[in-house]
2 protein chains.
Amino acid sequence: MDKSTFLNHKKIAFFLFFSISVIFSLAQEKPVDLVYPHLDAANSRWFFFSSACRPFGLVNLSPDNELGGAWGSGYRYNTNEIKGFSHVHAWQLSAVSVLPVNGSAQDLKNNYFSAFSHEKEVVAPGYHKVELDRYKIKAELTSTTRVGFHKYTYENQDQKGIIVKLTGPNGPCDLTKGKIEKVNNREFSGYVVNDATRRRPNPTPVFFYIELDTKVKNLITWEGTNTNENSKGVEGAETGALITFENKTNKPVLMKVGISYTNAEEAKKNIQAELNHWDFEQVVADSKEEWNSWLSKIEVSGGTQNERIRFYTDLWHGLQGRRIISDASGAYSDFTGPERKIKQIPRDKNGTPKFNHHNFDAFWGAQWTINTLWPLVYPKVAGDFCNSMLLYYNDGGLIPRGPSGGNYTYVMVGASTTPFVVSTWMKGIHDFDINLAYEGLKKNHMPGGIMGKAGYEHNTSEGGGIEEYIEKGYVPFPRKPHIEGFHKDGAGMTMEYAFQDWTLAQLAKKLGKTEDYKTFLKRSNNWKNLFDTSYGFIRPKGIDGSWKTPYDPYQYQNDGFVESNAAQMTWYVPQDFKGLAELMGGEEAMANKLNNEFTIAQAHGFTSGKKHADETLEQARRIPINYGNQPSMQTAFIFNTIGVPWLTQKWSRAVIDSVYTGVSPFVGYNGDEDQGLMGTLAVLMKIGLFQLDGGTTEDPVYLIGSPVFDEINISLDNQYYQGKNFKISTENNSKKNIYVQSVTLNGNPLNRMYLLHSEITKGGELHLLMGPEPNKKLK
Amino acid sequence: MDKSTFLNHKKIAFFLFFSISVIFSLAQEKPVDLVYPHLDAANSRWFFFSSACRPFGLVNLSPDNELGGAWGSGYRYNTNEIKGFSHVHAWQLSAVSVLPVNGSAQDLKNNYFSAFSHEKEVVAPGYHKVELDRYKIKAELTSTTRVGFHKYTYENQDQKGIIVKLTGPNGPCDLTKGKIEKVNNREFSGYVVNDATRRRPNPTPVFFYIELDTKVKNLITWEGTNTNENSKGVEGAETGALITFENKTNKPVLMKVGISYTNAEEAKKNIQAELNHWDFEQVVADSKEEWNSWLSKIEVSGGTQNERIRFYTDLWHGLQGRRIISDASGAYSDFTGPERKIKQIPRDKNGTPKFNHHNFDAFWGAQWTINTLWPLVYPKVAGDFCNSMLLYYNDGGLIPRGPSGGNYTYVMVGASTTPFVVSTWMKGIHDFDINLAYEGLKKNHMPGGIMGKAGYEHNTSEGGGIEEYIEKGYVPFPRKPHIEGFHKDGAGMTMEYAFQDWTLAQLAKKLGKTEDYKTFLKRSNNWKNLFDTSYGFIRPKGIDGSWKTPYDPYQYQNDGFVESNAAQMTWYVPQDFKGLAELMGGEEAMANKLNNEFTIAQAHGFTSGKKHADETLEQARRIPINYGNQPSMQTAFIFNTIGVPWLTQKWSRAVIDSVYTGVSPFVGYNGDEDQGLMGTLAVLMKIGLFQLDGGTTEDPVYLIGSPVFDEINISLDNQYYQGKNFKISTENNSKKNIYVQSVTLNGNPLNRMYLLHSEITKGGELHLLMGPEPNKKLK
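- The name an unreviewed UniProt entry gives chain A is Glycoside hydrolase family 92 protein, with Maribellus comscasis as the organism.
- Taken from UniProt, the Subunit (unreviewed entry) comment for chain A reads in full: "Monomer."

Written out as structure tokens, the structure is:
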């Protein structure tokens, strides 16, 4: 073929790759190149989608197609209009949004959105390029941890500018107030205020500092209907701004936007600390390299390319969602009380903050996801989060449940962080003060702590029912009337508290606190008070001790369980599957029942519908096992503990094939991905390691499942672990050969289907021979 | 008021009474006058509706509005056209149909149906009057046991006649062949042949003999397209006849139609034996009197008039459905083999047949209905039916399941007559040969007997699974492929067989057959092999012993249970509720579960839809307890045996109020009334006596429920019982006061919630004090 044809072929191939927004080289496949950020983007919620951001980055800069509400906003694949580039997409939070434009303030201030098309879009970890069809502007986005970096190439040189949105709806938040101030011809500072929500009680400012490489012509600002064409700045409600440039400027406009939760000065210092040059491509490359380094901690080979693409996308999601909120300097905003206070994270001897402070969702379900992934693969992150929790404890008196912008939110129920802290400590990650942690965790498990609070119960501590849990041995459902808050589902609370109590008991034991150990161990049996032997399912009890009637184990609405039904929650007893088996008539009966529940769930595709909206359909919700939300996502691994690991192999592979498969904007996590939890779950099932108890015992246990790859190489962090890496290799693995025939560890037969934390972290190789029929002797 | 007004008022009142087709006098309310034959007539199947017939009458003569199929045919309230007056409406059977007309054979032979309206209709036990709008003929129907008696008043004297339908569709039967022969100017003989069906294997003739009080002008017959205007008779397919009269005859035409299953001669003799005069009104009065005498065996007072109307309609249904098939002479047709044989019932010393021979449905569910009603209130009937069964046993070698016209049909499954025969014997009704009966019953419970046959399994004995039941302890589901028959639902069969085995064991014990007692008692535990402790429900097992998967206890279709689901059938263990309680975690857990199932069922109105057609709706069928069919109709009384009789009181009253209430053509039995079974069930619940085990132990037990009337007087048959009557009286009974506060028997406190057969049959009074709250100490 001649050269032009060759070039055309290259162009076509280039287009094809970019059309699924994945940049990778066939020659040397790098994990970062396999990430597909568009996964599930047709169904995404405000904080789901990411492009220009770093691991746990404070800034996650990306285009917004929809602006209304927490669900259905942000980047939405099916909406072909861009309404701005917001710098923060977090749980109950947003920050300043900008958009390059051509035109006058008068024409644009109420109407600056632009159409775009996916054909001309490139999305990758750390990079996003779109063309704004209305303006013919090519906009490129990248970031450091705390700075958004923009590159705008204007085709039309007339009336070039950048809209700075200071107020109005922005995802889950209403920006009620904002400020922009011209510092000089290239710099601006300001903030936007996220109004209080039912969940986040304090109106929360997020600050920005803008630096441009191009001299500004004018700052045009408006406040209501008044426009100031040559402004020094504006502050207030219904404000906004247009930064304009001279027409003659032909080169692209570069803009850095530092973000901070403390003040604009810190936002500026974040730029100084992280981005002291103007080489946009270098930052794109750095970001890519950083992502690749994180993602390469687990290297996989084998499987199809699509499976690897999906795997690294899952892993990438496991590093999204929960975000840094402290500045590069270690300054942070404490908003646990009514007044916002600026505080400082302790510094090490070099003056560097000892850890980062974070936003995070409830850790609700974390015991089956990031409890395993982070301490094993990213131990520093696990330690950082524990320190973050203790910072909240110091500041506000409680280890939080879902803090947002420094605020407590009390999302979901229970002391859901306990298993995470216990697991981190048990795994030898001792970066935090365990005595303080124990004090805080124990407080959470007692009246006055987080177990006393229902979802979003800010002003009282009645909804959690901790007193009734201690006194009666269960939290009643229905609760007494007029209690504040959401998720007042006593039976679900009881199940969660009992498990969390058990994990705290393990820590108490480890720390030599024998009395506490006994107390919490006893409480961990409370789930049995709600086991109805006549149905073989957990069933809510009322205030007077009578069973809930009518009761339907598969009912979802008003059923006494949090985002689940009784059938799903019955399996929520990792602390005592033996006890559950006994109540069900033995391990065989229990295995049989769970197998049947899986068989029925399979007919529904293992999820309550294929997207969050489906979950409102009564029939979809009646599913016995739901892999679209956290409460029953551990169930496939229960078989491992009751003598039938081949059923774990069967069902975990079936769930992967049905739920955590596919690479398109229209499939993904079938419900609520919850800030990386479901991505993490997929990673664990695909590498075949799972911790039913969240890894909360001494030398924690990892159950062995059915890995989907030929080889999985986990790099171990030598700051924490003795070994260099741990390899999981499989032989004869295929879509049909899903059953483990035999297992060796470092060449020696392993006559069990689990590993200890110490066995993994000293490095070595687990080898699994696979086949098409189960080896039922392997237990 | 003046006399004319008074008369008008009387006329209006008269019309009102007749408009609900109930003739009664307010002065002295007679049970027969309270019967409302139109109940549920909008939903009736071929054999449901009755008017001109006697208790268990061979003839049940009534208009047919629809002719196609077993369901939805016969008298259908919403169809305002009459297509004939058929003389037999039975399980898989019909007989000759006639209709008075005006017109020529040419005009009428393919088109003689007539519109009618309910406004001019009168229906009562033993009487039916309609006006045929097309002809302006007033047609009145009454009957003796074996003779239909017609009175036709023609307004138009031209071309008067009577169509005699010999062939064509007639409900569940296709009349493939017929014959009519002119005997003389006032008499005709003939037959119709009901073609074989899937259920009834032999084409079955039913004979008639017609006698008219009016001289006939011509017999016009046709065969296909050939018409004979002056015929001596016709025989064959596609035949029919028109009997014509002289125009001048001004008086009504009276016609007797004797029916016989043996031959036309016996049909004539049936007329001679039962109807030797032409006084139509006298027969109407006799029929009414006979019905009143039967219905008065239970006299009730209190409740609303509507409740009494519904009660006697329920009781009247309990005496319908199963019908005499022997002639007045005792001749009968034995069709248990391929050849029809005419045989003779043994005669007593006066030459009278010792009993009547019968058709009957399967006795499937009879243990909870006619097992109690007939032996207690109509003991002679119970004995007669036992003798009928033994006659079949002598003739065909099997005690039958649903014989029709002398044929075996093998409807439903199991040895469903066993509990009835045992109960009859245990109650001291010793009219039959118990040794022969025991031999026949035992045969049915062993390979080669009726338990070996699935529904309608005529040619093989594989479908019943008796061998597997004996060998494995359960009948598998699914069965091995290619087995003949219906209802091959192994789990349901196992449940039924186990209970039936237990009742046979009771009889074996009574008869001193200790080995048999042990054998059948052991087999009666087989239900436990299908109890899945992990769900607390019965669950089918496959051939290899593995549980059915997927399994959903509320699934109805292909679920392994006969016309029910696992949830409903789990309660089918009257032989061992203590054992069931143990498996469910104790009596309290079991009571709680059953109470919950009732609470859920209540939201569905306790029935799987409101009519038979609804039962095909998946959602309706998922009901936990169904009072629209037999399998779970005992459940309300289970509470009585596990320490919470107040829940029996609560739920039996709730079921009555929701299901067995209302008096209109559009409500009734909410499904399948099955030849009087559901009517009988309603009677038992309304009088507050129920036998969970079908009354099959020595001195059988009657559980006490919550009667709806102030006084219930049961007349005892002094041929069988010592006492004259047994009275149940209640005090403070009302819609709110449904709970029994205290009980006395003959004035003495009764510290239990049951009576023995001997206590009832020696006569006396049970007195219940009622109140609005349960007395939970009363157990």
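Having seen it, we continue.
1. Points about the overall build of chain A
- When helices and strands are counted, chain A shows 20 helices and 37 strands.
- Over its C-alpha atoms, taken along the principal directions, chain A stretches across nearly 80 × 70 × 55 Å.
- A buried classification covers 61% of the 779 residues belonging to chain A.
- A separation threshold of at least 6 residues defines the contact pool for chain A, and within that pool the share at least 24 residues apart is 69%.

2. Some thoughts on the interface of chain B and chain A
- Taken together, the contacts link 20 residues of chain B with 20 residues of chain A.
- In terms of residues, the side of chain B that touches chain A owes the most to one element, helix α16 (residues 587–603) of chain B, which gives eight residues.
- Looking at the side of chain B that touches chain A residue by residue, the classes come out as eight nonpolar, nine polar and three charged.

3. Digging into the sheet that holds strand β34 (residues 739–745) of chain A
- The strand order across the open sheet built from six strands is β23-β32-β33-β37-β34-β35 (chain A), with neighbouring strands paired in mixed fashion. Looking at which strands have only one partner, the edges of the open sheet turn out to be β23 (298–301) and β35 (748–749) of chain A.

4. Comments concerning the sheet that holds strand β31 (residues 701–704) of chain A
All names here are of chain A.
- The sheet built from three strands is open, its strands ordered β30-β31-β36 with antiparallel pairing. Either end of the sheet is taken by a strand with one partner, and the two such strands are β30 (689–690) and β36 (754–756).
- In the sheet, β30 pairs with β31 via two bridges, with the strands oriented antiparallel. Along β31, the bridge assignment pairs Phe690 with Leu703.

5. Topic: the packing of helix α9 (residues 418–426) of chain A against helix α12 (residues 490–510) of chain A
Residues and elements named next belong to chain A.
- Here α9 crosses α12 at 35°, and the two axes come no closer than 9 Å. For the element pair α9 and α12, the recorded crossing hand is left-handed. On α12, the residues that touch Thr418, Pro419, Val422, Trp425 and Met426 of α9 are Gln500, Thr503, Leu504, Gln506, Leu507 and Lys510.

6. Re the relation of the copies chain B and chain A
- By a simple turn and slide, chain B fits onto chain A: the slide is 0.0 Å along the axis, the RMSD is 0.0 Å, and the turn is 180°. Seen this way, the second copy is the image of the first under a two-fold rotation axis. By C-alpha distance to the rotation axis, the residue of chain B lying nearest is Tyr535(B), at 2.5 Å.

7. Describing the environment of Val381(B)
All names here are of chain B.
- Here Val381 shows up in helix α8 (residues 379–396).
- Judged by the 24 C-beta atoms lying within 10 Å of it, Val381 is buried.
- Along the primary structure Val381 and Phe56 are separated by 325 residues, whereas in three dimensions their C-alpha atoms are 9.1 Å apart.
- When near neighbours in sequence (up to four residues on either side) are disregarded, Val381 contacts Phe56 and Trp374.

8. Examining the confidence of the model for chain A
- Considering every residue of chain A, the mean pLDDT works out to 94; 96% of them sit at 70 or more.
- Interface predicted TM-score (ipTM) for the complex: 0.86; the corresponding pTM is 0.91.

9. Looking at the environment of Tyr551(B)
All names here are of chain B.
- Position of Tyr551 among the secondary structure elements: in the loop between β29 (537–538) and α14 (566–569).
- We classify Tyr551 as buried; it has 22 C-beta atoms within 10 Å.
- Sequence separation of Tyr551 and Arg539 is twelve residues, and the distance between their C-alpha atoms is 7.5 Å.

10. A short note on the domain arrangement of chain A
Residues and elements named next belong to chain A.
- Partitioning chain A into domains gives domain 1 (38–295) and domain 2 (298–768).
- Counting residues at the interface gives 38 residues for domain 1 and 43 residues for domain 2.
- With five residues, the single largest contributor to the side of domain 1 that touches domain 2 is helix α4 (residues 264–274).
- Of the residues in the side of domain 1 that touches domain 2, the class split is 19 nonpolar, eleven polar and eight charged.

11. Let's talk about helix α18 (residues 645–658) of chain A
All names here are of chain A.
- Taking 1.5 Å as the rise per residue, α18 with 14 residues should run 20 Å; its terminal C-alpha atoms sit 20 Å apart, in good agreement.
- Among the 14 residues in α18, ten count as buried, and that is most of the element.
- Of the residues making up α18, those classed as buried are Pro645, Trp646, Leu647, Thr648, Gln649, Trp651, Ser652, Arg653, Val655 and Ile656.

12. So, α12(A)
All names here are of chain A.
- Given a rise of 1.5 Å per residue, 21 residues ought to cover 30 Å, and the 30 Å separating the end C-alpha atoms of α12 matches this to within 8%.
- Burial runs high along α12: 19 of the 21 residues are buried.
- In the stretch just after α12, Gly512 is the one whose phi turns positive, near 80°.

13. So, unusual backbone geometry
All names here are of chain B.
- Look at the link from Phe477 to Pro478: it is a cis peptide, with omega at 0°.
- When you line up the elements, Pro478 lands in the loop between α11 (466–472) and α12 (490–510).
- A cis amide bond, omega -5°, links Thr549 with the succeeding residue Pro550.
- Topologically, Pro550 is positioned in the loop between β29 and α14.
- Positive phi is not limited to glycine here, since Gln159 has a value of about 50°.
- Take Gln159: it is sitting in the loop between β12 (147–154) and β13 (160–165).

Conventions adopted
Residues numbered from 1 in each chain as written. Chains lettered and ligands numbered in written order. Predicted model: local features only at pLDDT ≥ 70, side-chain atom pairs only at ≥ 80, totals over all residues. UniProt positions renumbered as here; feature names shortened; annotations may be inferred. Helix = DSSP H or I, 4+ residues; strand = E, 2+ residues; numbered from the N terminus. Buried ≥ 20, exposed ≤ 12 C-beta atoms within 10 Å, placed from the backbone. Contact = placed C-beta atoms within 7 Å. Nonpolar A, V, L, I, M, F, W, Y, C, P; charged D, E, K, R; others polar. Pairing = 2+ DSSP bridges. Axes fitted to C-alpha atoms, helices over the stretch in contact; angles between N-to-C directions. Left-handed = near helix turned anticlockwise from the far one by under 90°. Least-squares fit on C-alpha atoms with pLDDT ≥ 70 in both. pLDDT = per-residue confidence, 0-100. Domains from an automatic or database assignment. Expected span 1.5 Å × (residues − 1).

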